[in-house]
Amino acid sequence: MANNKDVEVISAPNMLQIKVGGPVSQGDLHMIQKAEEALKDLRSDFGQWLEEEVVKLEAAAKLVRETGLKGDEGEALFVRAHDLRGLGTTYEFPIITRLAKSLTKMIDMPEKRQKAPLGLALAHVGAIRAALSQNIRDDNDRVAAELADELEKQTTAFSEPWKDD
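Residues numbered from 1 in each chain as written. Predicted model: local features only at pLDDT ≥ 70, side-chain atom pairs only at ≥ 80, totals over all residues. Heavy atoms only, no water.

Novice: Sorry if this is basic, but what is going on with unusual backbone geometry here?
Specialist: One non-glycine residue with positive phi stands out, namely Glu92, at about 70°. Position of Glu92 relative to the elements: it lies in the loop between α3 (72–90) and α4 (94–107). According to the relative accessible area criterion, Glu92 is partly exposed, its value standing at 29%. Even without a glycine there, the phi angle at Asn135 is positive, about 55°. Along the chain, Asn135 falls in the loop between α6 (118–133) and α7 (142–159). (Helix = DSSP H or I, 4+ residues; strand = E, 2+ residues; numbered from the N terminus. Buried < 20%, exposed > 50% of the residue type's maximum accessible area, 1.4 Å probe, protein only.)

This is the structure we're talking about:
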């Protein structure tokens, strides 16, 4: 490597390590291991917890079907979809995270909800229910992958006018 006197390399401090308090100790590793074991014990509850969240999403979708996406009902559907966006992967259903992310992209602003196609929003809800009911966890399932691709494609096309917002 050539020696260049015009270049100065500045190494930024590792702020995360400073905030955590330095390198991870053996005691910390033990606590991390205990937390991972506790999480394994909770895995048996993931399906039930996810079911409860999907039921809430479906209840919000039922109201939207009756009244539309424009008001509080549309906001409630967004909130439920946003929750599932974060929980799907945590509860070992990354396909649900993917589908919920697409739905939230479509209805994340009141202006979008004013114009969002109701059928497309409800198709997302149906796809989420199908994934959970059929225990389809990721997009290794060809049909699920194609469905998610199509929903994302239509959501992206709909959301184009808001892409800079």
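Novice: Could you clarify how one ought to interpret the packing of α4 against α7 in this entry?
Specialist: Look at α4 against α7: their axes get within 9 Å of each other, and the N-to-C directions meet at 15°. By the angle between their axes, α4 is roughly parallel relative to α7. Judged by the twist between their axes, the crossing of α4 over α7 is left-handed. Two secondary-structure elements touch here, α4 through Ile95, Arg98, Leu99, Ser102, Lys105 and Met106 and α7 through Ala144, Ala145, Ala148, Asp149, Leu151, Glu152, Thr155, Thr156, Phe158 and Ser159. Considered class by class, the residues forming the contact of α4 with α7 number 8 nonpolar, 4 polar and 4 charged. (Axes fitted to C-alpha atoms, helices over the stretch in contact; angles between N-to-C directions. Parallel < 35°, antiparallel > 145°, perpendicular 65-115°, else oblique. Left-handed = near helix turned anticlockwise from the far one by under 90°. Contact = heavy atoms within 4.5 Å. Nonpolar A, V, L, I, M, F, W, Y, C, P; charged D, E, K, R; others polar.)

Novice: Hey, could you run me through the side chain of Arg129 in this one?
Specialist: Positionally, Arg129 belongs in helix α6. Leaving out residues up to four positions away in the same chain, Arg129 has contacts with Glu51, Val54, Val55 and Glu58.

Novice: Teacher, can you tell me more about the pattern of salt bridges here?
Specialist: Opposite charge on two side chains permits them to pair, given that their charged atoms come into close proximity. Across all of its chains, the model carries 12 salt bridges by this definition. Here Lys56 makes a salt bridge to Glu53, at a shortest N to O gap of 3.4 Å. Placement of both Lys56 and Glu53 in helix α2 (residues 26–67) is noted, with a separation of 3 residues, approximately one turn of the helix. Residue classification places Lys56 among the partly exposed residues on the basis of a relative accessible area of 37%. Taking the shortest distance from any N to any O, the salt bridge between Glu75 and Arg113 comes out at 2.8 Å. (Salt bridge = Lys/Arg side-chain N within 4 Å of Asp/Glu carboxyl O.)

Novice: Would you mind showing me how to read α7 here?
Specialist: Within an α-helix, residues lying three or four positions from one another point in the same direction, as the helix has 3.6 residues per turn. Between its first and last C-alpha, α7 extends 25 Å over 18 residues, near the 26 Å set by a 1.5 Å rise per residue. Among the residues making up α7, those that are buried are Ala144, Ala145, Ala148, Leu151, Thr155, Phe158 and Ser159. Seen from one end, α7 has its buried residues packed into an arc of 155°, which puts them on one side. Among the exposed residues of α7, those oriented more than 90 degrees off its buried face are Arg142, Val143, Lys153 and Ala157. Of the surrounding secondary structure, the elements contacted by the buried residues of α7 are α4, α5 (110–115) and α6. (Expected span 1.5 Å × (residues − 1). Arc of directions from axis to C-beta.)

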